[in-house]
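Residues per chain are reported as follows:
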Amino acid sequence: HGTTPVGITHKYNALAPNHSAKIVRDAAGKIHMAWLDTRVFRDGRREARVVYRRAAQDDATGRLAFETEVTPVSEPGGASANSFLAIEAGPGAVHVAWYGGRTTLYRRLILRAGAWSFERVRDTGAPGGAQDTGPDLGVRGDDEIHVVTPTGQYAVSTNGGAGWSLDRLAVPAKVG
């Protein structure tokens, strides 16, 4: 039911049915990884959260040196186990979006004064989770964030995720 990213122990399994793990490189060359860490209970229930780890790559050997331990992005149960997640890098921030069970959630990891820190989880207000799919994310700079859900909900923030405006996109009933 999934693959665990390289360098990650079995304590943090990527057990989501859709293998939701994403990797992005920022402008400074740092590698940012995010994935769904899913706990499967004996009764078949799943409880998911988004987790994160950062690494640097040695240009000569290609080897990764992890700079952080695995860090929760969301609380346990704060993500849908059947959702993909999206990750993008801006000039001084990494942006993560995922379906939280009722709406699409967003969190920004920002670089300030040489240190990376997560801001709080923000609710985009955009409903629209669908089985084995998730939101798409686009950023312009570090403050303009665009999220589109698989059911055609569009959310945009121009203040780093502090406030969101919503719109409904026309989604064709049948393609082709």
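Scroll up a little and you will see the structure.
Conventions adopted
- Numbering of residues begins from 1 in every chain and follows the order in which that chain's sequence is written.
- Selection of residues for local features in this predicted model requires a pLDDT of at least 70, selection of side-chain atom pairs for listing and counting requires 80 or more, and totals for whole chains, interfaces and linings are taken over all residues.
- Excluding hydrogens and water, the side-chain values take into account all heavy atoms of the structure.
- The pairing criterion is simple: DSSP has to find at least two bridges between the two strands.
- Per the convention used, a helix needs a DSSP run of H or I reaching at least four residues, while a strand needs a run of E reaching at least two, with both numbered from the N terminus.
- When a carboxyl oxygen of Asp or Glu lies within 4 Å of a side-chain nitrogen of Lys or Arg, that pair is called a salt bridge.
- Only Phe, Tyr and Trp rings are paired, with Trp represented by its six-membered ring, and only when their centres lie within 6.5 Å; those with planes under 30 degrees apart are stacked, over 60 edge-to-face, the remainder tilted.
- Burial classes: relative accessible area under 20% of the type maximum marks a residue as buried, over 50% as exposed, and values in between as partly exposed (1.4 Å probe, protein chains only).

### Here's the deal with the pairing of strand 3 (residues 46-57)
Alignment of strand 2 (residues 31-40) against strand 3, held across 10 bridges, turns out to be antiparallel. Looking at strand 3, one finds that Met33 is bridged to Arg53. Between the end of strand 2 and the start of strand 3, which pair antiparallel, lie five residues, with Gly44 showing a positive phi angle near 95 degrees. Here strand 3 runs beside strand 5 (residues 71-72); their pairing, made up of two bridges, is antiparallel.

### A short note on the pairing of strand 11 (residues 136-140)
Inspection of the sheet shows strand 11 paired to strand 12 (residues 144-148) by five bridges, in the antiparallel sense. In the strand pairing of strand 12, Gly138 is matched with His146. Remark: three residues form the turn of the hairpin made by strand 11 and strand 12, two consecutive strands paired antiparallel; Gly141 in that turn has positive phi of roughly 70 degrees.

### Digging into the pattern of salt bridges
The tally for this structure, following the rule as stated, stands at six salt bridges. With its nearest N and O atoms 2.9 Å apart, the salt bridge here joins Asp37 to Arg49. Placement of the pair is Asp37 in strand 2 and Arg49 in strand 3, with a sequence separation of 12 residues. Glu119 is paired through a salt bridge with Arg108; the nearest N and O atoms lie 2.9 Å apart. Residue Glu119 is found in the loop between strand 9 (115-118) and strand 10 (122-123), and its partner Arg108 is found in strand 8 (residues 104-112); the two are separated by 11 residues along the sequence. In the salt-bridge network here, residues are joined through shared partners; they are Arg108, Arg112, Glu119 and Asp143.

### Concerning the packing of aromatic side chains
This model, assessed by the stated rule, comprises two aromatic pairs. Ring geometry for Tyr52 versus Phe118: centroids 5.4 Å apart, planes at 90 degrees, classification edge-to-face. Here the residue Tyr52 occupies a position in strand 3, and Phe118 occupies one in strand 9, the gap between them amounting to 66 residues. Judged by relative accessible area, Tyr52 falls into the buried class, the value being 3%. Its relative accessible area of 22% is what places Phe118 among the partly exposed residues.

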